[in-house]
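Read off the chains here:
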Amino acid sequence: MVVSRCFTMKSLKMFSVQRRGMHLLKDKAYINGEWVKATSNAVYPVQNPADDNVITELPDMDAADAKTAVDAAANTFKTWRDTTAKERSYILRKWFNLCEKHSDDLAAIITAEAGKPLAESKGEIAYGNSFLEWFADTARHINGEIIPSPWPNKQILLTRQPLGVVSVITPWNFPYAMITRKVGALMAAGCTCVIKPSEDTPLSALAAAELAEQAGVPKGVINVITSSRKNAPGVGKVLCEDENVGCISFTGSTFVGKILYGQAAKGIKRVALELGGNAPYIVFPSADIEHALDQAMLAKFRNNGQACIGANRFLIHEAVYDKFVEGFKSRIGKKCILGPGTKEGVTCGPLINKEQAKKVSGLVDDAVSKGAEALIGGKFAKELGDKFYESTLLVNVKPDMNIYNEEIFGPVASCLKISSEEEALKIANSTRSGLAAYVFTKDLGQAFRMSRQLEFGMVAINDGILSAAEPAFGGIKESGIGREGSLHGAEEYTDIKYTLMSALDK
Ligand code: NAP
């Protein structure tokens, strides 16, 4: 057996402790309906970010395994594409029901591998399941069109056809929902898939696959390959370039999204890219400030700030700035309880890994060295471990600081004072990211103006949370291409076929 990382005896002993109560925990990958090892027999450890204990080992798969999985998905596509929408809807509904039934088990797995508080993990399962339910319904509404023909005795038909094997590559921050959001949609459309979850969080993907199998999803429709970070580029190349792949559906950083987009271009493959964000959170004087503060806590500290739509830049009007900052500091002090996700009362878990922790602390240190002030937090909570960072409120943030421009992806709120709507728009739009934006105002005209002029794919007026299965989720500019959720989410995985029915008079 090849082990990609060294284990300590302590962490190996934790195997059995961590596994207790997690009935859906798998230690193999899933290809063509079989639970399999890597061809090379290599394995890597999946660790709990709260304490570094090893939860289990998984196959460390490479390009050859990725090819096997793509071939399986391609083979199954030949029959799955011909199932009726009603059959696919029925299977998706069965999968949804099982995921609902096992939601506590699934949540325990997310907390173990991603570190988030159990209540948040349960929230992610409910959110993730809502896509399976939604696409079970949507499967039966992927309609075509009959268009009046410009010629006599001819008929124009547009039908939607599944585009084949979809490569699904997902991040660690919502390890379950990012998968159901894609797989529910592509299955509804009649596609099959190969999923490559993040090295850090493959266990919820495998648990979902186990439940899919129990629900009767045919072998080869869903394949899950697991790999350590060092194998991700090799696996990704196959998932982008193999001629049997019809679409690359990726959620993750803009940096990796660009690499995959480049690889997909070689074969003129369809892409669906959900990439990084840099959300402005704008508060105007007419806003209900208490409400804006409550929502700010959700928009910033949900998943400990590790969310693509997390508020990244708080742009607060000078007339309400002091009140907002004071209320924010007090709420952070009272409501952000740091600790392991399994502990009762904890609201903020660890950051996912050491690199992420280093990135967040580096952004704060850079800002403070250039004149920003941390009103609360601003350092590691070392007593808890090396991935726990205190929930932080930064003021006096200026354009020359890295935090002004970058996606923070951590529990740090950075506040800037603005004096007009124009200034808010100028700062908000001064980024190549365009995922989500938040605006707090009671001025109706201002709400519509901001919705129209903010260069973001999604704008929430007077709310800090906007995700659901029903709306179309997605970004513009460097935040992505395509939409997830809604009917559009399923249509992403179809090609439009034009059929001309001619000579109707012959
Ligand atoms: P990431 O580093 O881009 O990784 C995302 C996925 O891509 C992981 O499975 C990763 O595997 C894999 N990967 C990395 N390099 C690869 C390569 N060369 N070929 C193929 N796959 C490769 O992103 P992350 O750090 O996991 O997630 C955070 C980012 O995701 C943030 O920027 C966030 O904004 C974004 N995000 C966007 C949305 C959205 O809906 N727009 C939602 C959630 C997150 P390994 O992890 O094993 O390296």
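Definitions and cut-offs
- Residues numbered from 1 in each chain as written.
- Predicted model: local features only at pLDDT ≥ 70, side-chain atom pairs only at ≥ 80, totals over all residues.
- Heavy atoms only, no water.
- Helix = DSSP H or I, 4+ residues; strand = E, 2+ residues; numbered from the N terminus.
- Buried < 20%, exposed > 50% of the residue type's maximum accessible area, 1.4 Å probe, protein only.
- Contact = heavy atoms within 4.5 Å.
- Areas by Shrake-Rupley, 256 points an atom, 1.4 Å probe, with all protein chains shown as cover.
- Lys, Arg positive; Asp, Glu negative; His and termini not counted.
- Charge placed at Lys NZ, Arg CZ, Asp CG, Glu CD.
- 1 Å grid on protein atoms, 1.4 Å probe; cavity = no way out; pocket = protein on both sides within 12 Å on 5 of 7 lines; lining within 4 Å.
- Points joined across faces, edges and corners; volume = space filled by probe spheres on them.
- Domains from an automatic or database assignment.
- Nonpolar A, V, L, I, M, F, W, Y, C, P; charged D, E, K, R; others polar.
- Buried area = accessible area lost by both parts, 1.4 Å probe.
- Near = heavy atom within 4 Å.
- Polar contact = N/O pair within 3.5 Å; in protein donor to acceptor, adjacent residues only side chain to side chain.
- Sits in = over half its atoms within 2 Å of the grid points.
- Expected span 1.5 Å × (residues − 1).
- Pairing = 2+ DSSP bridges.
- Axes fitted to C-alpha atoms, helices over the stretch in contact; angles between N-to-C directions.
- Core = buried A, V, L, I, M, F, W, Y, C linked by side-chain atoms within 4.5 Å.
- Disulfide = S-S within 2.5 Å.
- pLDDT = per-residue confidence, 0-100.

## As for the overall build of the protein chain
Line of reasoning, step 1. Along its length, the protein chain carries 16 helices and 23 strands.
Line of reasoning, step 2. Expressed as lengths along the three principal axes of its C-alpha atoms, the size of the protein chain is roughly 75 × 70 × 40 Å.
Line of reasoning, step 3. When the 506 residues of the protein chain are sorted by exposure, 57% land in the buried category.
Line of reasoning, step 4. For the protein chain, contacts bridging at least 24 residues in sequence account for 74% of all contacts bridging at least 6.
Line of reasoning, step 5. In the form shown here, the protein chain has an accessible surface area of approximately 20500 Å², with 54% of it arising from carbon and sulfur atoms.
Line of reasoning, step 6. Separation between the mean location of the 59 positive side-chain charges and that of the 58 negative ones in the protein chain comes to 2 Å.

## Observations regarding the layout of surface pockets
Sizing a probe to match a water molecule and rolling it over the atoms shows the empty space that remains.
Line of reasoning, step 1. For the largest pocket, the calculated volume is near 1100 Å³.
Line of reasoning, step 2. As for the largest pocket, its lining consists of 41 residues, and the residues nearest its centre are Trp172, Phe250, Gly252, Ser253 and Val256.
Line of reasoning, step 3. Taken together, the elements giving at least two residues each to the lining of the largest pocket come down to helix H8 (232-241), strand S11 (245-251), helix H9 (254-266) and helix H12 (354-369).
Line of reasoning, step 4. Each of domain 1 (35-45 + 59-275 + 482-494) and domain 2 (279-468) gives at least three residues to the lining of the largest pocket.
Line of reasoning, step 5. Of the pockets and cavities examined, the second largest pocket occupies roughly 450 Å³.
Line of reasoning, step 6. Around the second largest pocket sit 21 residues that line it, and Pro117, Ala119, Glu120, Val346 and Thr347 are the ones nearest its centre.
Line of reasoning, step 7. Of all elements in the fold, only helix H5 (118-138), helix H10 (289-301) and helix H11 (321-335) reach the threshold of two or more residues within the lining of the second largest pocket.
Line of reasoning, step 8. A per-class count over the lining of the second largest pocket returns nine nonpolar, four polar and eight charged.
Line of reasoning, step 9. Per-domain counts for the lining of the second largest pocket show at least three residues from each of domain 1 (35-45 + 59-275 + 482-494) and domain 2 (279-468).

## As for the domain arrangement of the protein chain
Line of reasoning, step 1. Split into domains, the protein chain comes out as domain 1 (35-45 + 59-275 + 482-494) and domain 2 (279-468).
Line of reasoning, step 2. Summarising the inter-unit geometry, the C-alpha centres of domain 1 and domain 2 are found 31 Å apart.
Line of reasoning, step 3. Taking both sides of the interface into account, the surface hidden between domain 1 and domain 2 amounts to around 1500 Å²; carbon and sulfur atoms contribute 57%.
Line of reasoning, step 4. Considering only the surface of domain 1 that becomes buried against domain 2, Pro117, Glu120 and Trp172 emerge as the three largest contributors, covering 33% of it.

## Concerning the site of the ligand
Line of reasoning, step 1. By nearness alone, 30 residues border the ligand, and Thr170, Ser198, Ser253, Leu275 and Glu407 come closest of all.
Line of reasoning, step 2. With respect to the ligand, the side chain of lysine 196 contributes an N or O atom lying 3.0 Å from an oxygen atom.
Line of reasoning, step 3. Here the ligand has 900 Å² of accessible area as a free molecule, and 91% of this is covered by the chains.
Line of reasoning, step 4. The site holding the ligand turns out to be the largest pocket.
Line of reasoning, step 5. Counting residues per element, the ones that place at least two in the shell around the ligand are helix H6 (177-189), H8, S11 and H9.
Line of reasoning, step 6. Among the elements that take part in the shell around the ligand, H8 stands out by supplying three residues, more than any other.

## Things to note about H9
Line of reasoning, step 1. Between the first and last C-alpha of H9 there are 19 Å, a value that for 13 residues agrees with the 18 Å anticipated at 1.5 Å per step.
Line of reasoning, step 2. Restricting attention to buried positions, one finds in H9 the residues Thr254, Gly257, Leu260, Gln263 and Ala264.
Line of reasoning, step 3. Close packing links the buried residues of H9 with strand S8 (165-169), H8, S11 and strand S12 (270-274).
Line of reasoning, step 4. Where H9 ends, the next residue or the one after it, isoleucine 268, has phi of about 45°, a positive value.

## Focus: the sheet that holds strand S7 (residues 155-162)
Line of reasoning, step 1. One open sheet holds the three strands; their spatial order is S6-S7-S23, and the pairing between them is antiparallel. Pairing within the sheet leaves two strands with one partner each, and these edge strands are strand S6 (145-147) and strand S23 (494-501). The sheet shows a mean angle of 25° between the axes of neighbouring strands, taken without regard to direction.
Line of reasoning, step 2. Here three bridges tie S6 to S7, and the two strands are oriented antiparallel to one another. For isoleucine 147, the partnering residue across the bridge sits in S7 and is isoleucine 156.

## As for the nonpolar core
Line of reasoning, step 1. Counting 68 residues, the largest nonpolar core has Trp95, Val166, Val183, Leu186, Met187, Ile222 and Tyr493 as its most contacted members.
Line of reasoning, step 2. Take this core: its biggest share by element is nine residues, from H6.
Line of reasoning, step 3. The residues that make up this core include at least three from each of domain 1 (35-45 + 59-275 + 482-494) and domain 2 (279-468).
Line of reasoning, step 4. In this structure, tryptophan 95 is in contact with Leu132, Val183, Met187, Ala208, Leu211, Ala212, Ala215 and Ile222, ignoring residues within four places of it in sequence.
Line of reasoning, step 5. If you look at the next biggest cluster of nonpolar residues, it comprises 39 residues, including Ala299, Leu435, Phe440 and Met458.

## A short note on the state of the cysteines
Line of reasoning, step 1. Scanning the model with the defined rule gives zero disulfides in all.
Line of reasoning, step 2. Cysteine 336 takes part in no disulfide bond, and the closest cysteine sulfur, belonging to cysteine 348, lies 4.1 Å away.

## So, the confidence of the model for the protein chain
Line of reasoning, step 1. With 96% of its residues at a pLDDT of 70 or more, the protein chain has an overall mean of 95.
Line of reasoning, step 2. Confidence over residues 1-17 falls short of pLDDT 50; this stretch has 30 contacts with residues more than four positions distant or in other chains.

## Observations regarding the sheet that holds strand S17 (residues 412-418)
Line of reasoning, step 1. If you trace the seven strands from one edge of the open sheet to the other, you get S15-S16-S17-S14-S13-S19-S20, paired in mixed fashion. The open sheet is flanked by strand S15 (373-376) and strand S20 (458-461), the only strands paired with a single partner. On average, each strand axis in the sheet is tilted by 25° relative to the strand beside it, whichever way the strands run.
Line of reasoning, step 2. Judged from the five bridges that link them, strand S13 (residues 279-283) and strand S14 (residues 311-317) form a sheet pairing that is parallel. Bridging from a neighbouring strand, isoleucine 282 pairs with leucine 315 of S14.
Line of reasoning, step 3. The strands that helix H14 (residues 421-428) touches are S13, S14 and S17; relative to S14, the one it contacts most, it runs at about 165°.

## Concerning H10
Line of reasoning, step 1. The terminal C-alpha atoms of H10, which comprises 13 residues, lie 18 Å apart, in line with the 18 Å expected from a rise of 1.5 Å per residue.
Line of reasoning, step 2. Buried within H10 we find Ile289, Ala292, Leu293, Gln295, Ala296, Met297, Ala299, Lys300 and Phe301.
Line of reasoning, step 3. Among the residues of H10, the N-terminal cap falls to aspartate 288, whose side-chain oxygen and the backbone nitrogen of glutamate 290 are separated by 3.2 Å.
Line of reasoning, step 4. Following H10 by one or two positions, asparagine 303 adopts a phi angle in the positive range, close to 55°.

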